[in-house]
Amino acid sequence: MKYFGKKSLSSFLSSFLRVLWHIVLVFSIIAAVFGTVMIIISSGDHVMTELAKCNITVPEMEANDKDWETFRNLPLGVKFFIMPYMAAVVALLLKIITRAQQLFSNFKNDVVFNKTNVHLISKMSRLMIAFSIVTFSFYSLLVSIILLMLCEIFKSGTALQEEHDLTV
Amino acid sequence: MSIIFRLDRVMADRKMSLNELARRIQLTDSNLSILKTGKAKAIRVLTLDAICRELNCQPGDLLEYQADELTTDKEGGGTE
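The shown structure was predicted, so the numbers you read here are calculated from the model rather than taken from an experiment.

1. Description of the overall build of chain A
A count of helical and extended segments in chain A gives 7 helices and 0 strands. The secondary structure elements of chain A, listed N-terminal to C-terminal, are α-α-α-α-α-α-α. Taken over 168 residues, chain A has a buried fraction of 29%. Long-range pairs, those at least 24 residues apart, make up 70% of the contacts in chain A with a sequence separation of at least 6. Roughly 11200 Å² of accessible area belongs to chain A as shown, and the carbon and sulfur atoms make up 72% of that amount.

Structure follows, in structure tokens:
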């Protein structure tokens with residue numbers, strides 16, 4: 001299997017990440033709109049009471065009744081805090097995907113041990129650390145540590161590549 | 001770096017152009033330019049051999065050691 005260059009794994013991953021970036025963006029916009037509607041509904045409280053009066057019940061809604069009640073009872077300030085929090089998570093995710101896409105795009109163009117790639121991996125690891133803090137995810141932290149190690153490997157590789165290029 | 005490559009001086013003495021030398025030693029112009037401008041980090045013995053052969057000179061004619069200011073200061077500080 002080819003890892004670098006055109007028609008390789010890097011090429012596929014670069015294209016896949018570009019598509020994923022757009023999917024995440026579209027879904028986050030839908031989630032933002034849906035979330036805003038939910039906050040408005042939960043603060044108004046009219047729709048749910050009307051639904052209860054008319055005995056219109058959706059099975060999935062019944063199952064999520066407890067969650068809905070918990071969400072509805074949250075103070076309005078907390079409800080509105082959820083939106084910027086989610087926006088921050090999505091923004092971080094999009095940035096990480098962008099950096100990864102740029103990295104694989106460089107791999108596709110046979111640019112492997114390069115200062116730009118070291119910079120990209122370093123930025124990705126820092127973004128991953130921020131992501132793990134925001135989402136309280138241990139696995140993201142683990143990935144960010146691996147990325148930091150990979151960054152050091154790429155730094156050494158870049159130094160060797162530079163030395164090789166400047167050997168006449 | 002303290003090592004200076006005096007390729008341009010030897011080439012001027014022999015009246016040989018960069019392109020001509022590059023063609024003779026089968027090196028690309030860009031690589032020879034790296035050598036000439038002193039950007040090179042290392043030189044292969046094979047390359048040095050080819051240059052010496054074509055320019056009819058000794059490796060010592062091509063390379064020159066010039067102590068850095070930092071090195072000179074250190075040496076000076078030690079003797080005082």
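2. Considerations on the environment of glycine 38 of chain B
Residue and element names in this part refer to chain B. With respect to the element layout, glycine 38 can be found in the loop between helix H3 (29–36) and helix H4 (45–55). Here glycine 38 falls in the partly exposed class, since its relative accessible area comes to 48%. Sequence separation between glycine 38 and arginine 24 is 14 residues, and the spatial gap between their C-alpha atoms is 20 Å.

3. Some points on the nonpolar core
All names here are of chain B. The biggest cluster of nonpolar side chains holds 23 residues, and the ones touching the most others in it are Leu7, Leu21, Leu32, Leu35, Leu55 and Leu62. Of all the elements in the fold, those that place two or more residues in this core are helix H1 (7–14), helix H2 (18–24), H3 and H4. The dominant element in this core, judged by the number of residues it contributes, is H4, at 5 residues. Those residues within four positions of leucine 55 in sequence are excluded, and the remaining contacts are Leu7, Val10, Met11, Arg14, Met16, Leu21 and Leu62.

4. Observations regarding the interface of chain B and chain A
The interface of chain B with chain A comprises 11 residues on the first partner and 6 residues on the second. Contact between chain B and chain A buries roughly 760 Å² in total, counting both sides, with carbon and sulfur atoms accounting for 60%. Ranking the residues of chain B by area buried against chain A places Lys41, Ala42 and Arg44 of chain B at the top, with a combined share of 59%. Remark: the boundary between chain B and chain A carries 1 salt bridge.

5. Let's talk about helix H5 (residues 76–108) of chain A
Here H5 of chain A is 33 residues long and its end C-alpha atoms lie 48 Å apart, about the 48 Å a rise of 1.5 Å per residue gives. Note on H5 of chain A: the residue one or two positions beyond its end, aspartate 110 of chain A, has a positive phi of about 65 degrees.

6. Side note on the environment of glutamate 64 of chain B
Residue and element names in this part refer to chain B. If you trace the backbone, glutamate 64 turns up in strand S2 (residues 63–65). Through-space distance from the C-alpha of glutamate 64 to that of asparagine 19 is 23 Å; in sequence the pair is 45 residues apart. Discounting chain neighbours no more than four positions away, the residues touching glutamate 64 are Ser2, Ile3, Ile4, Arg6 and Arg9. Reaching out from glutamate 64, the side chain makes a polar contact with the side chain of glutamine 66 at a distance of 3.5 Å.

7. Digging into a nonpolar patch on the surface
On the surface, Phe138, Tyr139, Leu141, Leu142, Ile145, Ile146 and Met149 of chain A cluster together into a nonpolar patch covering about 740 Å² of accessible area. Position of leucine 142 of chain A among the secondary structure elements: in helix H7 (residues 138–165).

8. Focus on the packing of aromatic side chains
Residues and elements named next belong to chain A. Per the counting criterion, the structure on display carries 6 aromatic pairs over all chains. For the pair phenylalanine 4 and phenylalanine 107, a centre-to-centre distance of 5.2 Å together with 70 degrees between the ring planes defines the contact as edge-to-face. Placement of the pair is phenylalanine 4 in the segment before helix H1 (9–44) and phenylalanine 107 in helix H5, with a sequence separation of 103 residues. By relative accessible area, which is 37% here, phenylalanine 4 ends up partly exposed.

9. Thoughts on the state of the cysteines
All names here are of chain B. Scanning all chains against the criterion turns up 0 disulfides over all chains. Left unpaired, cysteine 52 is separated from the closest cysteine sulfur, that of cysteine 57, by 4.3 Å. The class for cysteine 52 is buried, based on a relative accessible area of 12%.

10. With respect to the packing of helix H6 (residues 115–135) of chain A against H7 of chain A
Residues and elements named next belong to chain A. Axis separation between H6 and H7 bottoms out at 8 Å; the angle between their running directions is 170 degrees. Considering the angle they form, H6 stands roughly antiparallel to H7. Between H6 and H7 the crossing geometry is left-handed. On H7, the residues touching Lys115, Asn117, Val118, Ile121, Ser122, Met124, Ser125, Met128, Ile129, Phe131 and Ser132 of H6 are Ser140, Leu141, Val143, Ser144, Leu147, Leu148, Leu150, Cys151, Phe154, Lys155, Thr158 and Glu162.

11. Some words on the confidence of the model for chain B
Looking at chain B, pLDDT values average 85 and 85% of them are 70 or higher. Predicted complex, confidence summary: ipTM 0.71, pTM 0.73.

About the cut-offs
- Residues numbered from 1 in each chain as written.
- Chains lettered and ligands numbered in written order.
- Predicted model: local features only at pLDDT ≥ 70, side-chain atom pairs only at ≥ 80, totals over all residues.
- Heavy atoms only, no water.
- Helix = DSSP H or I, 4+ residues; strand = E, 2+ residues; numbered from the N terminus.
- Buried < 20%, exposed > 50% of the residue type's maximum accessible area, 1.4 Å probe, protein only.
- Contact = heavy atoms within 4.5 Å.
- Areas by Shrake-Rupley, 256 points an atom, 1.4 Å probe, with all protein chains shown as cover.
- Core = buried A, V, L, I, M, F, W, Y, C linked by side-chain atoms within 4.5 Å.
- Buried area = accessible area lost by both parts, 1.4 Å probe.
- Salt bridge = Lys/Arg side-chain N within 4 Å of Asp/Glu carboxyl O.
- Expected span 1.5 Å × (residues − 1).
- Polar contact = N/O pair within 3.5 Å; in protein donor to acceptor, adjacent residues only side chain to side chain.
- Patch = residues over 30% accessible without salt bridge, like charges linked within 9 Å, V, L, I, M, F, W, Y side chains within 5 Å.
- Phe/Tyr/Trp six-rings, centres within 6.5 Å; stacked < 30°, edge-to-face > 60°.
- Disulfide = S-S within 2.5 Å.
- Axes fitted to C-alpha atoms, helices over the stretch in contact; angles between N-to-C directions.
- Parallel < 35°, antiparallel > 145°, perpendicular 65-115°, else oblique.
- Left-handed = near helix turned anticlockwise from the far one by under 90°.
- pLDDT = per-residue confidence, 0-100.

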